[in-house]
Every structure is written in structure tokens, then in C-alpha cells.
Amino acid sequence: MAMPAQRFSSLLSLSFSASRLLCLGRISGRGRSICRFSTAALPEEVIVPPVQVTYKQNLINGQFVDAASGKTFPAYDPRTAEVIAHVAEGDAEDINRAVASARKAFDEGPWPKMSAYERSRIMLRFADLVEKHSDELAALEAWNTGKPYEQAAMSELPSLSRLFHYYAGWADKIHGLTAPADGDYHIQTLHEPIGVAGQIIPWNFPLILFAWKVGPALACGNTVVLKTAEQTPLTALYVGKLFHEAGLPPGVLNIVSGYGPTAGAALASHMDVDKLSFTGSTDTGKIVLELAAKSNLKPVTLELGGKSPFIVCEDADIDQAVELAHFALFFNQGQCCCAGSRTFVHERVYDEFIEKSKARAMRRVVGDNFKAGVEQGPQIDKEQFEKILRYIRSGIESNATLECGGERFGSRGYFIKPTVFSNVQDDMLIAKDEIFGPVQSILKFKDLDEVIRRANSTRYGLAAGVFTKNIDTANTLSRALRVGTVWVNCFDVFDAAIPFGGYKMSGIGREKGIYSLENYLQVKAVVTPLKNPAWL
């Protein structure tokens, strides 16, 4: 059985403490320091995950079917770059079939006409099945993404179940209002499902993002066509099977695996999709928004990139701040849209913070993500791996100080040593661009006005971290930072009820909580004349 859901930060702090036992120490070289990792964690020694890949076809109208073209594409193990399985490669024709199935299930099928209570019961049965199969799902998620198995099993699978319990609870609590108006009229508002929801999820948190999108859509009575990321299609197909085992009617949830320019573009531009939700890069989000506008002007929710500031004030407990800043950046191999990737540190504590951050990064255990105590697995694929190394070279060439890391780890797979840069300036690429990898950039500031200005001087506005003992400082920064989430003396605290989304080019709309329901509902006003109204 899965343990009760807890926040990521508290769970992973346990892993951090245990993993330190596996690091044998460090050696220093000229201009950089290198961690001597336990040989037990080397990526050459690969554990075979205890799970079978059973579901590799597209899920359309309740059935697993081959792609219309008959094509498949490989899903890889990022530890070794070897193929895990070949998955059906959906394209425009498969999207057409999936949308037709979802349209029929919405217009004719039982889902939106079913009682909200019964919808809730199906979602609860699904959440129970997730708990029952959590071991297999955690292994499959870790295998396909490269994230530590402990992270998937202890944190993400309990969160997946918790999210669907939360949304199941909303299903029978969605209702309209009555409103006063001039004249003798009865005014009521109805909150109705929007129809067929197209959803595109990324590769860094496939199961969690599945829940963020599918949960509220189904709770509101919509039907769904979900496109997985081509890198990580396996767990969504698995949980799709569990949903039908829970009693979900055919056509309500359709899952197509494929590439963005083919399957993704077809979904975004489809004339019979009523709503689109996308999580991914800002550049791709622009394309998705344009396709939606050029087709049927469908409403779009976007959760996009970030370059989040993590601000360490002069009164901070440095040891705690170092640990939290380390977690804020390196969690999930640095592959988080909200990662605290710009670490701003007050000048009075800057040097101490640098030395301790360097030491903490050098203690980080990198290796086979199925080994106990490993904190960091491989990056998702070769493209991301090479992109991160290019940014590291850019940091070196722009005269930032490479404190540690900066290189590949091992000779197999897509592992990168935890990397820390000091003396980073705002105009450097490593301080401006979303690297999406284990690269910490540490910048110096003098006062609050300066750090507010610099923290806000970005096209992004997804999240921020503030570390201080002063409540006035915390309040000032929380109000001044133009971001969708501010974590004060914590980071990456997620709960089903906490809304998540960004300002500026980090997105449109919010996921999770009551705000996520608004994405999947239409508001209808009903006006009825009253004859001889009785006034109380």
C-alpha cells in the first residue's frame, strides 16, 4: 500500500539525509571540485525494474489499438539509452478517431448525464486502484523518466491518488448561483461541462500532470483526449487501463502517444475540441495558442516555463537555506518548471553560502535511480543532456565561476554531475534561460529593492522562494514578486488544493484547487419571468 500523501520537500529531506552515507568524499582539482561517488551508484550497474510493459497501444473508445499508420516509436531508459518498448505512434488520424470517440461519449454517452455522485465513485475507485498498483506504477515511472524510484514511490504515487480523491470530492459540489436583477425575474447560473477537453502533458512529471489535467476535467463532466509526451508515454497508458477497470465508460478518456508536430498539432487545431490544456515550454506554448486561435478559438490553459528566484536574506539560517536552495534546484534532476534556478544571496552571507552550497552539491549521490539513497538519476534524453552541457559551457565562457560539476557523470546514459556556478551576472544565459537541468546559478544582492527589481526582470513569473526570519521581509517580497506561487521558508510544497500557474510568459490560468475547475466549465445564465412574485 502507498503511504499517505505528503509534500515533496519533507519526503525528500529523508532521502537527502540517508543518501549522504553513500558518498565517500570528494577530491579537488584545479578550478573545480569533483565528488567521488559510491561505486554502488555507478550507472554502469543497471537494475532491471520489476515491472512489465503491457500497454503500448493508443487508448481510444475504451480499447487499446494500433496507430492508424501502423507506426511505432521507441520509449527509452535514460540510464542506458536503451529501448524499453515500442509504442504506437499516433498522428492526425489517431487524434481524429480519439476526438470522435470523446465527442460521442460527451454528446450521447453517459458521462456528462451521469449523476455527479456516480462520477465521483468511479474516480474514487480509480484512486484505490492506483494505490493497489502503486509499486508497478512507481517502477514504470522511474524507468521511463530516470527519476529516483524512491521519489516516485514515496511522493508521486501517493500524490496521484490524493489528487483524484480531491477531484472526486468536487464532482458533486459544482453548482451555480441565483442572482438579483431589476424587474420580476428569477436569475440562475448553471455551471456546465465545456465538452471535449484536449490535454497535452510533459515528460518530467507524467503521472502528476495526468492528474492535474484529467482530474478536474472528469470531475466537471467533460470527456478527454490526452496526448502524452513522446519521451514518457508508458504510465499514462497504464493508468488509462486502471480507469476503465474502475468503470469509466468507453470514450470518456482517450490517450494518444505521438510527437508534437503531428499528434500535438492535430489536437491543438482540431475543430471539434472545445478546450485545450498544455504544459510544456514557453516556445511550444506559443505555437499551441496560435493553433487553437486559428482553428475554433478554443479556450487554452497554459503552464509554461520558469526561471524562478530563490532569495536568501542576510538573516537566514545558512545551513537550512543551503539545503533548501539545493533541493529547490536539483530536485528531479533540475527538470522542474518551477525550479529555484536563480539563487539570489545577500552579500553579507554570500561567501559562506557558496562554500556550503558547493559542499552540498558534491555530496549529492548520482547514479542508477533504482538504487536506495540515490538522489539524482539521468536527464530525460540525449537532446536535454546536450542542451544542459551547452549551457554549462556558456556559463564558463561568460566568466561565471564553476565551483563544482560541469561534466558528464559516467560513460553510459544521460547523467550530469551536480553543477554550481558563483559570480553569476543577470545578463548571462545561465541566469536568463530555463536550463531544465542540475545547474545552480548563485547571484549576489545588496538590498530588498535591488533583489525585487532583479528577480522580476525576466519574461517568466512561475514561482519564487524566500528564505528569511523576518516576517516583514517575507511579506514585502511575497507581495512584490510577480509570480504565481511564493514559498516562504519552504519550496516545492504541493497539495491538491494549492493553485499553480504563472504570471507573464509562464502561462495562462491555474491548475489544481478550486481554480482548476474553472478551466473545464461554462457558465450559463437562465432568466425566467416571475408572475406575482411573493416578496418576503
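Residues numbered from 1 in each chain as written. Predicted model: local features only at pLDDT ≥ 70, side-chain atom pairs only at ≥ 80, totals over all residues. Heavy atoms only, no water.

(A) The arrangement of the overall build of the protein in detail. When its secondary structure is counted, the protein shows 16 helices and 22 strands. Against the compact-globule benchmark of 24 Å for 536 residues, the protein has a radius of gyration of 24 Å, which places it among compact chains. Seen along its three principal axes, the alpha-carbon backbone of the protein occupies a region of about 85 × 55 × 45 Å. The contacts in the protein between residues at least 6 apart in sequence include a share of 75% that link residues at least 24 apart. For the protein, the exposed surface amounts to about 21200 Å²; the carbon and sulfur share of it is 52%. (Helix = DSSP H or I, 4+ residues; strand = E, 2+ residues; numbered from the N terminus. Rg over C-alpha atoms; globule rule 2.2 N^0.38 Å. Contact = heavy atoms within 4.5 Å. Areas by Shrake-Rupley, 256 points an atom, 1.4 Å probe, with all protein chains shown as cover.)

(B) Spotlight on the environment of Glu230. Along the polypeptide, Glu230 turns up in the loop between β10 (223-228) and α7 (234-245). Each C-alpha atom of the pair Glu230 and Ala75 lies 7.5 Å from the other, and the pair is 155 residues apart in sequence. Leaving out residues up to four positions away in the same chain, Glu230 has contacts with Phe73, Gly258, Tyr259 and Gly260.

(C) Layout of the sheet that holds strand β7 (residues 178-179). With antiparallel pairing, the three strands of this open sheet are ordered in space as β7-β8-β22. Of all strands in the sheet, those bounded by a partner on one side alone are β7 and β22 (521-529). Here β7 pairs with strand β8 (residues 185-193) via two bridges, running antiparallel. Residue pairing in the sheet places Ala179 in a bridge with Ile187 of β8. (Pairing = 2+ DSSP bridges.)

(D) Fine view of the pattern of salt bridges. The final tally for this structure, using the stated rule, is 26 salt bridges. Between Glu118 and Arg121 there is a salt bridge, with its nearest N and O atoms 3.5 Å apart. Separated by three residues within a single helix, Glu118 and Arg121 lie in helix α3 (residues 116-132), roughly one turn from each other. Of the charged contacts in the structure, one is a salt bridge between Asp426 and Arg454, with a shortest N-O distance of 2.7 Å. With Asp426 in the loop between β17 (419-422) and α13 (429-432) and Arg454 in helix α14 (residues 448-456), this residue pair connects regions lying 28 residues apart in the sequence. Classification of Asp426 by relative accessible area gives partly exposed; the value is 33%. (Salt bridge = Lys/Arg side-chain N within 4 Å of Asp/Glu carboxyl O. Buried < 20%, exposed > 50% of the residue type's maximum accessible area, 1.4 Å probe, protein only.)

(E) Examining the packing of helix α10 (residues 318-330) against helix α11 (residues 350-363) more closely. Across the interface, α10 lies against α11 with an axial gap of 10 Å and an inter-helix angle of 55°. Here α10 lies oblique to α11, going by the angle between them. α10 and α11 meet at a crossing whose hand is right-handed. The segment α10 lies against α11, with Ile318, Asp319, Ala321, Val322, Glu323, Ala325, His326 and Phe330 engaging Glu352, Phe353, Lys356, Ser357, Arg360 and Ala361. (Axes fitted to C-alpha atoms, helices over the stretch in contact; angles between N-to-C directions. Parallel < 35°, antiparallel > 145°, perpendicular 65-115°, else oblique. Left-handed = near helix turned anticlockwise from the far one by under 90°.)

(F) Spatial organisation of helix α9 (residues 282-294). The terminal C-alpha atoms of α9 lie 18 Å apart, and with 13 residues this matches the ideal 18 Å at 1.5 Å per residue to within 8%. Buried within α9 we find Thr282, Gly285, Val288 and Ala292. Angular distribution of buried residues about the axis of α9 spans 105°; they occupy a single face of the element. (Expected span 1.5 Å × (residues − 1). Arc of directions from axis to C-beta.)

(G) Summary view of the environment of Asp449. Topologically, Asp449 is positioned in helix α14. Exposure remark for Asp449: the relative accessible area of 63% places this residue in the exposed category. Spatially, the C-alpha atom of Asp449 lies 26 Å from that of Phe327, the residues being 122 residues apart in sequence.

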